[in-house]
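Below are the chains, spelled out letter by letter.
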Amino acid sequence: MVSAVSTQGKLARKSLTQSLEVDQAATSYRFVSPGVRISKPTKKKGTERRRHIISAFIKCVKRHGYFNTTMAEIAAEADIQPGHLTYYFSNKKEILHCCYVSQAAVIVDGLERATNYHGDKKIEYLARFFFTDNRVVNCFTTGFMFEAFGVALNDPEIRVDREAMDEKIRANLVTVLEDLQVGDGGGCSLRDKAEIAYAIIPGLKFTLFFGKQSGLEEGRELFVKTLRALTGRESLDRKSVV
């Protein structure tokens, strides 16, 4: 059993990592994962309906939690018949899988856009992207994704999605930090620094967002300070003052 799950996990990780692509014409995400049936039309009408269903799913999960959300409730929220819902997604796990993949695409795209900036402007861009400017990232990762992460702890297929998403984001953060690094790095590897930077994003959102909406701005400022410290830029400022 362990071997079967492990093999399935490796295959799913390879599928999610290598076959994720954005269809610019239809503005949709196409992916394949073992055991998940996704073979629906990607024409504009179908894409909009899928997006509408995903939006309804997120609302239901925020309201009732993942395990208490039913396909009937998702269909009602999306204002479609249950039978029509299963034409697009056979179960709620497929919808959650789609959410993970699309969210990974949004974040990876945002990190890749950071190459258009340099130095402190790059840090400021990343802080705005993760905390204040990008509505999809802000709303999606705060609340709903914490619920989804809980599901990933006990579901091997969803856990593969989570691990693949994490790995893609960490790899992009390594590239970003390498460009920002000043000096020898203080004996800490870029991989370790990327792990720290990635860990504080949900940590700051979790502790600040649920207390007050303005907490995201405070989180943005703390994120800037952390990245500057990780890349040696704070010590550079102190030297320039001296």
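Bear in mind that the values here come from a model prediction, so they are computed numbers and not experimental data. (Residues numbered from 1 in each chain as written. Predicted model: local features only at pLDDT ≥ 70, side-chain atom pairs only at ≥ 80, totals over all residues. Heavy atoms only, no water.)

1. Some words on the nonpolar core
Working step 1: Core analysis: the largest hydrophobic core is formed by 59 residues, its most contacted members being I53, F57, L96, Y100, L126, F130 and F223.
Working step 2: Among the elements that make up this core, the one with the highest residue count is helix α5 (residues 92-113) (10 residues).
Working step 3: If we ignore the near neighbours within four places in the chain, the residues touching F57 are Y66, I74, K92, I95, L96, C99 and F144. (Core = buried A, V, L, I, M, F, W, Y, C linked by side-chain atoms within 4.5 Å. Buried < 20%, exposed > 50% of the residue type's maximum accessible area, 1.4 Å probe, protein only. Helix = DSSP H or I, 4+ residues; strand = E, 2+ residues; numbered from the N terminus. Contact = heavy atoms within 4.5 Å.)

2. Here we look at unusual backbone geometry
Working step 1: Phi angles above zero are rare outside glycine, and D79 is one such case at about 60°.
Working step 2: The exposed category is assigned to D79, whose relative accessible area is 70%.

3. A look at the environment of Y117
Working step 1: Within the secondary structure layout, Y117 lies in the loop between α5 and α6 (120-133).
Working step 2: Dropping the residues within four chain positions of it, Y117 is found in contact with K122, Y125 and D179.

4. Details of the pattern of salt bridges
Working step 1: Summed over the entire model, instances satisfying the criterion amount to 11 salt bridges.
Working step 2: The partner of R63 in a salt bridge is E77, with the nearest N and O atoms 3.3 Å apart. Taken as a pair, R63 in helix α2 (residues 44-64) and E77 in helix α3 (residues 71-78) lie far apart in primary sequence, 14 residues in all.
Working step 3: On the accessibility criterion, E77 (28% relative accessible area) is partly exposed.
Working step 4: Residues participating in the shared-partner salt-bridge network are K93, D155 and E157. (Salt bridge = Lys/Arg side-chain N within 4 Å of Asp/Glu carboxyl O.)

5. Remarks on the packing of aromatic side chains
Working step 1: Counted according to the given criterion, the structure contains eight aromatic pairs.
Working step 2: Seen in terms of ring centroids, Y66 and F67 are 5.4 Å apart; in terms of plane orientation they differ by 80°. Their pairing is edge-to-face.
Working step 3: Residue classification places Y66 among the buried residues on the basis of a relative accessible area of 7%.
Working step 4: Between F129 and F130, the ring centres sit 5.0 Å apart and the planes meet at 70°, which makes this aromatic pair edge-to-face.
Working step 5: On the accessibility criterion, F129 (6% relative accessible area) is buried. (Phe/Tyr/Trp six-rings, centres within 6.5 Å; stacked < 30°, edge-to-face > 60°.)

6. Let's talk about the environment of T231
Working step 1: Structurally, the position occupied by T231 is in the loop between α10 (215-230) and α11 (233-241).
Working step 2: By relative accessible area, T231 is classed as buried at 0%.
Working step 3: C-alpha separation for the pair T231 and E178, spaced 53 residues apart in sequence, amounts to 8.3 Å.
Working step 4: Filtering out sequence-adjacent residues up to four positions away, T231 remains in contact with I123, L177, L180, Q181 and V182.
Working step 5: One polar contact links the side chain of T231 to the main-chain carbonyl oxygen of R228, over a distance of 3.5 Å. (Polar contact = N/O pair within 3.5 Å; in protein donor to acceptor, adjacent residues only side chain to side chain.)

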